[in-house]
Structure formats: structure tokens, C-alpha cells
Amino acid sequence: MQLIDGRLVYSATDLVGFLECRHLANLERAAVEGHINRPMRADRVLDRIAQRGREHEARFLRDLTAGGMTVVEIGPEEGLPFGERLTRGRDATLLAMQAGAEVIYQATLFDGRRLGFADFLRRVERPSGLGGWSYEVWDTKLARHAKASAVLQICMYSEMVSALQRSAPEQMHLALGGARRETVSFPVTDYAAYYRSVALDFEQVLGNRGPAFPLASMPEPVEHCNVCRWNMECRAQWRAADDLSLVANLTSRQRRALHGIGVATRTARAEP
């Protein structure tokens, strides 16, 4: 989440994070408005995962070129303001689509509100506003199985591609990792309504005219905590408040039930 030319712009990563943890959206909005600072810390495990992801993407790209496909890469134009770079990348992506490129690598998808960099757009012989062809989204993921977060991401990219080619893609695809390197495909229409529901909920939170700080929510432990940059800040908040979140194996439902009877801390829970 970031401000570009004075407008709040979000990515698929922000949308996925919101689905995992609503508090995260409030943290990011407060950071964008300058009330708090985003944590910046090294994480060797996450860095290694990111590197493996880049290697997997590079392998997929090599496989495409080895198969004789022509690839147009949308490279970033360094030295320009970020907003201008995005606009130029979006325009270059649309030009490549209009020209009928077989594969567009690192396509820039930017509509002033949403931002994404699709790993690959691949041409299919299905008519659209571009002509007798159109494009479908392909994204590379290290996981051996398709995750809901990855599907939500390519849903967003597919909707943005729809606007550019004035026709919805029929399919969207994930190139998975692991030794088998499977590819899985999903009908866009099967998931579009769910994506729009999540996106509408997220945009309503972002469009809240109330103050971004103090935060209007409290953190809850979720699976996303393991990869979240705010993890240490939330844990410090739990410790300071002696929060029930620190009780091992206590579920969200159990925490809510305890709150309902006035038990909000570990100390209160331990009292007879």
C-alpha cells in the first residue's frame, strides 16, 4: 500500500494480507499516512524463499523461450518518478497486447487504484477488443499446491487485464514449484464474484473517512503472522497487554468466548 500522486494505491499482496488479517490493513494505512513507521528488518528465511521464487520464475521463462515463444519484457525505466514509471509500464504493456505479442513478461497492471506486476500474460486465440486474440494471466508460485491467496491474486490481475482488452479472460493459471512443476488452471468466472466481494470489503475499509490513527483494531494471531513485517510489533503489544493471544493453543473462538465473560488477559484467565 502506498501513495502515488496523492492517491492510495494497493497491490494484490495488500488484498491477500487483508483477507488474512484485517488489522494489517489498518497498520498499512496508518503507515502510508505517516502516523507510524513500517518495520524494516532482515529475514534470511524469507529472503531465501524470495530468491527461490525468482529462480522458479526464471526457469519458467527459459522454458517458454526454449519452446520457441517470443517474449516481450516490460522492464522498469529507472531514474523516473515511481508514478511515471508505472504509467509508462502500463502503456508499454497495452502496446504489447495490441501488437499481439505471444508472451508479455512482467506486465505492469495499474489503474490508479490497483497495482500489479503479472509474471506473464500469454496470448490465446480468443477474440477481444484487441482483435482476434486476447490474454490470460500466468503466475509462478513455489508452492506445490495452489493456495487461495495465489488464486485471489490472479483474480485481481485477470480483472485488470479484462479492462485493457475489453473482454474477460476465460482462464487463469498458476505454474507451481516442486519437482513436478505442475500447472493448474481456473475458470475466471468461477472466482470473479468472490474476488469482487473481498475487494469491495477491502476498499470500504480503505475508504473509511475516520482517522487512521489511533488504530481502530487489535491484532489477532493468524497464520499470516509468520510472514508479516509487523509480527514483532504485534507480539510486543500482546505482551504489554498480557493478552490472551499469548496463551498456547487458544483458538480465536475461545478468545472471543472469554472476552464475552469479561476475561481479557492471561492473568484474569488464571484466576480462580
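See the structure shown above.
(A) Region of the structure containing the overall build of the protein. Along the protein, the regular secondary structure elements total nine helices and eight strands. Taken along its principal axes, the extent of the C-alpha atoms in the protein is 70 × 45 × 35 Å. For the protein, with 272 residues in total, the buried portion stands at 43%. Within the protein, counting contacts between residues at least 6 apart in sequence, those at least 24 apart form 62% of the total. Accessible surface, the protein as shown: approximately 15,200 Å² in total, 51% of it carbon and sulfur. Each charge sign in the protein was given a centre, from 35 positive and 33 negative side chains, and these centres are 3 Å apart.

(B) Up close: the packing of aromatic side chains. This structure, assessed with the given rule, holds six aromatic pairs. Clustering of aromatic rings is evident, with ring pairs tying together Phe60, Tyr105, Phe120 and Trp138. The aromatic ring of tryptophan 138 is capped on one face by arginine 122, whose charged end is 4.5 Å from the ring centroid.

(C) Fine view of the side chain of glutamine 106. Position of glutamine 106 relative to the elements: it lies in strand E4 (residues 103-110). A distance of 3.4 Å separates polar atoms of two side chains, one belonging to glutamine 106 and the other to glutamate 57. Residues contacting glutamine 106, with those up to four places away along its chain left out, are Glu57, Ile74, Phe117, Ala118 and Asp119.

(D) Representation of the pairing of strand E6 (residues 134-140). Burial of E6 is extensive: seven of the seven residues sit out of reach of the surface. Alternating residues of E6 divide into Ser134, Glu136, Trp138 and Thr140 and Tyr135, Val137 and Asp139, and every residue in both groups is buried. With five bridges connecting them, strand E5 (residues 114-124) and E6 associate as antiparallel partners. Counted as the bridge partner of leucine 121 is valine 137 from E6.

(E) Representation of the pattern of salt bridges within the structure. Enumeration over the complete set of coordinates arrives at 16 salt bridges. For the salt bridge of arginine 114 with glutamate 159, the shortest nitrogen-to-oxygen distance reads 2.8 Å. Taken together, the residues arginine 114 in strand E5 and glutamate 159 in helix H5 (residues 148-165) connect sequence positions 45 residues apart. Of the residues examined, arginine 114 reaches a relative accessible area of 12% and is grouped as buried. Taking the relative accessible area as the measure of exposure, glutamate 159 reaches 24% and is therefore partly exposed. Here arginine 196 and glutamate 159 are joined by a salt bridge, their closest N and O atoms 2.9 Å apart. Within this pair, whereas arginine 196 is found in helix H6 (residues 188-206), its partner glutamate 159 is found in helix H5, the two being separated by 37 residues in sequence.

(F) Inspection of the packing of helix H1 (residues 12-20) against H5 at higher detail. Their axes nearest at 9 Å, the elements H1 and H5 cross at an angle of 135 degrees. What the angle tells us is that H1 and H5 run oblique. Of the two elements, H1 crosses H5, and the hand of that crossing is right-handed. Here H1 contributes Ala12, Leu15, Val16 and Leu19 to the contact with H5, which in turn contributes Ser149, Leu152, Gln153, Met156 and Tyr157. Looking at the contact of H1 with H5, its residues break down into seven nonpolar, two polar and no charged.

(G) Layout of helix H2 (residues 22-32). Within H2, ten of the eleven residues are buried, which leaves it mostly tucked inside the rest of the structure. Inspection of H2 places His23, Leu24, Ala25, Asn26, Leu27, Glu28, Arg29, Ala30, Ala31 and Val32 among the buried residues, and these make up the whole buried set. Here the buried face of H2 lies against strand E1 (2-4), strand E2 (7-11), H1, H6 and helix H7 (231-241). Positive phi appears at glycine 34, one or two residues downstream of H2, with a value of about 85 degrees.

Reading guide: rules and limits
- Residues numbered from 1 in each chain as written.
- Predicted model: local features only at pLDDT ≥ 70, side-chain atom pairs only at ≥ 80, totals over all residues.
- Heavy atoms only, no water.
- Helix = DSSP H or I, 4+ residues; strand = E, 2+ residues; numbered from the N terminus.
- Buried < 20%, exposed > 50% of the residue type's maximum accessible area, 1.4 Å probe, protein only.
- Contact = heavy atoms within 4.5 Å.
- Areas by Shrake-Rupley, 256 points an atom, 1.4 Å probe, with all protein chains shown as cover.
- Lys, Arg positive; Asp, Glu negative; His and termini not counted.
- Charge placed at Lys NZ, Arg CZ, Asp CG, Glu CD.
- Phe/Tyr/Trp six-rings, centres within 6.5 Å; stacked < 30°, edge-to-face > 60°.
- Lys NZ or Arg CZ within 6 Å of the ring centre and 35° of its normal.
- Polar contact = N/O pair within 3.5 Å; in protein donor to acceptor, adjacent residues only side chain to side chain.
- Pairing = 2+ DSSP bridges.
- Salt bridge = Lys/Arg side-chain N within 4 Å of Asp/Glu carboxyl O.
- Axes fitted to C-alpha atoms, helices over the stretch in contact; angles between N-to-C directions.
- Parallel < 35°, antiparallel > 145°, perpendicular 65-115°, else oblique.
- Left-handed = near helix turned anticlockwise from the far one by under 90°.
- Nonpolar A, V, L, I, M, F, W, Y, C, P; charged D, E, K, R; others polar.

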